[in-house]
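# Examining the three-dimensional arrangement
Below are the chains, spelled out letter by letter.
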Amino acid sequence: MFVVDVVRSDYSLPLWQPFPSTFPTRPIEPMKALLIAASILLCGSAFSQVFTTSGVFVVPQGVNTIQVELVGPGGNGGSNGAGGGGGGGYTVGTLPVVPGTSYPVTVGQGGSGTATTFGGTSLQATAGGNGNIVQQQNVGGGGAAGFGSGGDVNFAGGAGGGGYYTYFGGGGGGAAGPTGNGGIGGNTIAWTGICLTPGGVAGIGGGAPGGAGGKGAGFTDANCNIPNPAANGANYGGGGGGGNGNGGGPGTGGGGYCSITWPINSSVSDAAAMMTPMVLNNPFTEHIVITHVIGDERFMLFDATGRQLWSGVHIEQQDFSALRPGTYILRMGTGNTTRNFKVTKQ
């Protein structure tokens, strides 16, 4: 649950003083930052909170209606001349909400078979199925398409294309999107005595954020020696391509997606309040992610006794995995402004 507990700004601790980091610093991977927490964006006349991993959405004060957009994850392609994974489904709908209410968000990851859902509502975008193998002499095994339901607009992903056992992989199906269903992944061909085929073609996506599927694996030579690799399904929700029978692995499915959008309150003060820096992943495990920072802020981390443990900039790049579980005080300073947060390490 994303909870921010802002403590008193007159907390009796020194402001800034030199202190060496007691933890190793390593850059945070861009995608991992998204997996740690949802990103909050200011989009024209509306705010949007995006989840690419499961979390909790808390309805802001003054908000009574939200729009929820979901994409289901894509299926993985199968190995050894199997079919491609199916593309995830898509739905978008408008919901009445109560300020302060928490909604669990489940975002399925590629190949998991887990649907992307929003709270206890009827909105869901199911996952594309994983590709599998069918008996030789037949082309098939493509994963089933995911579908969307419960929204104002619902579309289905594309099914995965068929592979040919021990030779060529089928193409992954495209994810559904706001403009339509995802495209079906292409079937490969039956083996004709030579291995000169790129595998099944990828299915197209149904419009952003729905991604395309990945192509199936094949070979670029007649003797099955030079692989033409399978491709992963694109984010979000594309099915992975099937692998070939000469060590060419399958492609993985693209992960799911959830976006919640709500109108900006006409009050300037309310809008400004929604842009206040906050800790997104609280409690945290490795990294602490703060929203609405500009990059020149300085941070200090204290334990419950007031002992300073770390200070520096770009806290999102700092690895706190070695920190003991417990409650800590995080101080953020920029210009003449100081803000303190109470954070919990799991």
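Placed above this text is the structure.
What you see is a predicted model, and the numbers here were worked out from it, not measured in a lab. Numbers given to residues run from 1 along each chain, matching the order in which its sequence is written. Local features are withheld for residues below a pLDDT of 70 in this predicted model, meaning they are given only at 70 or higher, and side-chain atom pairs are given and counted only at 80 or more; totals for whole chains, interfaces and linings count all residues. To get the side-chain values, all heavy atoms of the structure are used, and hydrogens and water are removed first.

## With respect to the overall build of the protein
Applied cut-off: Secondary structure elements are taken from DSSP: a helix is a run of H or I of four residues or more, a strand is a run of E of two residues or more, and numbering for both begins at the N terminus. Partly exposed describes any residue whose relative accessible area lies between the buried limit of under 20% and the exposed limit of over 50%, with all areas from a 1.4 Å probe on protein chains only and scaled to the type maximum. What makes two residues a contact is simply this: any of their non-hydrogen atoms within 4.5 Å. Each accessible area is a Shrake-Rupley estimate made with a 1.4 Å probe; only the visible protein chains count as cover when residues are assessed.
From N to C terminus, the protein includes 2 helices and 20 strands. Among the 346 residues that make up the protein, the fraction classed as buried is 49%. The contacts in the protein between residues at least 6 apart in sequence include a share of 66% that link residues at least 24 apart. With an accessible surface of roughly 14600 Å², the protein has 55% of that area assigned to carbon and sulfur atoms.

## Notes on the state of the cysteines
Put simply, the rule is: We call a pair of cysteine sulfur atoms a disulfide whenever their separation is within 2.5 Å.
This model, assessed by the stated rule, comprises 1 disulfide. Covalent S-S linkage joins cysteine 195 and cysteine 224, the inter-sulfur distance amounting to 1.8 Å. The sign of the 65° torsion about the S-S bond sets the cysteine 195-cysteine 224 disulfide as right-handed. Remark: cysteine 224 occurs in the loop between β14 (218-219) and β15 (227-228) and cysteine 195 occurs in the loop between β13 (163-164) and β14; sequence separation between them is 29 residues. A relative accessible area of 0% means that cysteine 195 is categorised as buried. Relative accessible area serves as the criterion here: at 17%, cysteine 224 is assigned to the buried category.

## A short note on unusual backbone geometry
At the junction of alanine 208 and proline 209, the peptide bond is cis and its omega measures out at 15° in the coordinates. Tracing the backbone through its elements, the reader meets proline 209 in the loop between β13 and β14. A cis geometry characterises the amide bond from asparagine 235 onward to tyrosine 236, with omega recorded as 10°. In this structure, threonine 166 is a non-glycine residue whose phi angle is positive, near 70°. Relative to the helices and strands, threonine 166 is located in the loop between β13 and β14. Take threonine 166: its relative accessible area is 24%, and that puts it in the partly exposed class. Its identity is not glycine, yet cysteine 224 carries a phi of approximately 65°, on the positive side.

## Let's talk about the nonpolar core
Put simply, the rule reads: Only buried Ala, Val, Leu, Ile, Met, Phe, Trp, Tyr and Cys residues count toward a nonpolar core, and they belong to the same one when joined by side-chain atoms within 4.5 Å.
Counting residues in hydrophobic clusters, the biggest one holds 19 residues, and the most contacted among them are Phe57, Ile66, Val68, Phe118, Cys258 and Ile260. When residues of this core are traced back to their parent elements, those giving at least two are β3 (46-51), β5 (65-71), β7 (102-106) and β16 (257-263). Residues contacting isoleucine 260, with those up to four places away along its chain left out, are Phe47, Ser48, Gln49, Phe51, Phe57, Ile66, Gln67, Val68 and Phe118. Phe284, Ile315, Phe320 and Phe341 belong to the second largest nonpolar core, which has 16 residues in total.

## Digging into the sheet that holds β7
So the rule is basically this: Paired strands, in this sense, are two strands between which DSSP finds at least two bridges.
Read from one edge to the other, the open sheet built from 5 strands follows the order β4-β7-β8-β9-β11, with strand pairing classed as antiparallel. Pairing within the sheet leaves two strands with one partner each, and these edge strands are β4 (55-58) and β11 (148-149).

## Comments concerning the packing of aromatic side chains
Put simply, the rule reads: Within 6.5 Å between ring centres, the rings of Phe, Tyr and Trp (the latter by its six-membered ring) count as paired, and their orientation is classed by plane angle as stacked under 30 degrees, edge-to-face over 60, tilted in between.
Tallying each qualifying case throughout the model produces 11 aromatic pairs. Both rings, one in phenylalanine 57 and one in phenylalanine 118, keep their centres 6.3 Å apart while their planes meet at 50°; by these two values the pair is tilted. In this pair, phenylalanine 57 sits in strand β4 while phenylalanine 118 sits in strand β8 (residues 116-118), placing the two residues 61 residues apart along the sequence. Owing to a relative accessible area of 0%, phenylalanine 118 belongs among the buried residues under this scheme. Relative to tyrosine 257, the ring of tyrosine 236 lies with its centre 4.8 Å away and its plane at 40°, an arrangement referred to as tilted. Placement of tyrosine 236 in the loop between β15 and β16 and of tyrosine 257 in strand β16 is noted, with a sequence separation of 21 residues between them. Residue tyrosine 257 is classed as buried on the basis of its relative accessible area, which comes to 11%.

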